[in-house]
Amino acid sequence: MTRAQNRDPEKQSVQKPENPWVEGFKTIGLSVFLAIGIRSFVAEARYIPSGSMEPTLQINDRLIIDKISYNFRQPQRGDIVVFSPTEALKQQNFKDAFIKRVIGLPGETVEVKGGRVYVNDQALREQYIEEKPEYSYGPVTVPEDNYLVLGDNRNNSYDSHYWGFVPRDKIIGRAIVRFWPLNRVGEVDVIESVAPDASPSTQIQQPVN
């Protein structure tokens, strides 16, 4: 038997360890790739820079935005959604995403009067708002594939009653979890906004308005 044949086969298969710097760069690269992939397709973090969604969301709250579920269902009344600026908002030089609550669904007629919001002539029960709206709006009918959104801080929110509707393809995702501050960590409150005698509807680090 030759000397080569006497060699331990396990030893023959052992490869020279890779340079630790190369291994480090590979690990970092994979981490970055996964982070970008998750942010692009699954979820991302956003923070709240304004009081337009008070009392539900406070300034500097940090949220996780679910970007997956709307691939399987449509936005529902009561959802808190993040969306890219509409064409009307782009014309006003807005570039950052907005966050508001879905109030009017495609085909519905929405009106604000007497301190209440009406959908198809039925007043919504809205326990989550800061105060009753002090303005009148509508009636307007929400176009197909569009949504009417309002801030919970009704009298201090730049929302649909100023600039119009949100096209479905502008919606990035919905707020699901607050991870900061620590004393408010948990699921974002999703309170049904339901018209009496109607079927109930179920219901970020980048800034959102």
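Structure shown above.
The shown structure was predicted, so the numbers you read here are calculated from the model rather than taken from an experiment. Sequence positions are assigned chain by chain, starting from 1 and proceeding in written order. Only residues with pLDDT of at least 70 are given local features in this predicted model, and only at 80 or more are side-chain atom pairs given and counted; all residues enter the totals for whole chains, interfaces and linings. Processing note: side-chain calculations cover all non-hydrogen atoms of the structure and skip hydrogens and water entirely.

Student: I tried to follow the environment of Arg116 on my own but got confused; where do I start?
Tutor: Along the chain, Arg116 turns up in strand β6 (residues 116–119). Buried residues are those whose accessible area, probed at 1.4 Å on protein chains only, stays under 20% of the maximum for their type, while exposed residues exceed 50% and partly exposed ones sit between those limits. The class for Arg116 is partly exposed, based on a relative accessible area of 32%. Placed 20 residues apart in sequence, Arg116 and Ser136 show a C-alpha to C-alpha distance of 9.2 Å. Throughout, a residue-residue contact means that at least one pair of heavy atoms, one from each residue, lies within 4.5 Å. For Arg116, the contacting residues outside a window of four places in its chain are Glu111, Ala123, Leu124 and Pro133. Polar side-chain contacts of Arg116 include one of 3.1 Å to the backbone oxygen of Leu124. Per the convention used, a helix needs a DSSP run of H or I reaching at least four residues, while a strand needs a run of E reaching at least two, with both numbered from the N terminus. N or O atoms closer than or at 3.5 Å make up a polar contact, with two conditions inside protein: a donor-capable atom paired with an acceptor-capable one, and, for residues adjacent in sequence, both atoms drawn from side chains.

Student: Just checking my understanding: could you explain the environment of Leu124 for this structure?
Tutor: Looking at the secondary structure, you find Leu124 in the loop between β7 (122–123) and β8 (137–141). Once the C-alpha coordinates of Leu124 and Ile103 are considered, the two residues, 21 residues apart in sequence, prove to be 9.1 Å apart.

Student: Any chance you could explain the pattern of salt bridges here in plain terms?
Tutor: For side chains of opposite charge, pairing can occur when their charged atoms come near one another. Salt bridges are defined by distance alone: a side-chain nitrogen of Lys or Arg within 4 Å of a carboxyl oxygen of Asp or Glu. In this structure the tally under the stated criterion is 10 salt bridges. Among the ionic pairs, Lys170 bridges to Glu87, the shortest N-O distance being 3.7 Å. One end of the pair, Lys170, is in the loop between β10 (166–167) and β11 (171–180); the other, Glu87, is in helix α3 (residues 87–90), and 83 residues separate them in sequence. Take Lys170: its relative accessible area is 16%, and that puts it in the buried class. With a closest N to O distance of 2.8 Å, Asp152 and Arg101 form a salt bridge.

Student: Could you clarify how one ought to interpret the packing of aromatic side chains in this entry?
Tutor: Each pair of aromatic rings is reported with the distance of its centres and the angle of its planes. A pair of aromatic rings is counted whenever rings of Phe, Tyr or Trp (Trp by its six-membered ring) have centres within 6.5 Å, and the orientation is called stacked for planes under 30 degrees apart, edge-to-face for over 60 and tilted otherwise. Per the stated rule, a full pass over the model turns up six aromatic pairs. Arranged with centres 5.8 Å apart and planes meeting at 20 degrees, the rings of Phe83 and Phe98 form a pair that is stacked. Remark: Phe98 occurs in strand β4 (residues 98–104) and Phe83 occurs in strand β3 (residues 80–83); sequence separation between them is 15 residues. The class of Phe83 is buried, set by a relative accessible area of 0%. Aromatic rings pair up to connect Phe83, Phe94, Phe98, Tyr158, Tyr162 and Trp163 into one cluster. Here, a charge over a ring is recorded when the distance from Lys NZ or Arg CZ to the ring centre is within 6 Å and its angle to the ring normal is within 35 degrees. Residue placement shows Arg101 over the ring face of Tyr128; its charged tip is 3.8 Å from the ring centre. Over the face of the ring belonging to Tyr118 we find Lys113, whose NZ or CZ atom lies 5.2 Å from the ring centre.

Student: Looking at this structure, I do not really get unusual backbone geometry. What am I missing?
Tutor: With omega at 5 degrees, the peptide bond leading from Glu54 into Pro55 counts as cis. Along the chain, Pro55 falls in the loop between β1 (43–47) and β2 (62–66). That bond from Gly138 to Pro139 is cis: its omega, 5 degrees, falls within 30 degrees of zero. Relative to the helices and strands, Pro139 resides in strand β8. Of note in the backbone geometry, Asn60 takes a positive phi value of approximately 75 degrees without being a glycine. Within the chain, Asn120 stands out as a residue other than glycine whose phi angle is a positive 50 degrees. Inspection of the secondary structure puts Asn120 in the loop between β6 and β7.

Student: Looking at this model, I keep getting lost on the side chain of Lys100. Mind explaining?
Tutor: Within the fold, Lys100 resides in strand β4. No salt bridge is formed by the buried Lys100; its nearest oppositely charged neighbour, Asp159, is found at 5.5 Å. Here Ser52 takes part through its side chain, which lies 3.0 Å from a polar atom of the side chain of Lys100. Polar contacts involving the side chain of Lys100 include one to the side chain of Ser157, which spans 3.1 Å. When charges are tallied, Lys and Arg are placed among the positive residues and Asp and Glu among the negative ones, while His and the ends of the chain are skipped.

Distances and angles like these do not, on their own, reveal function.
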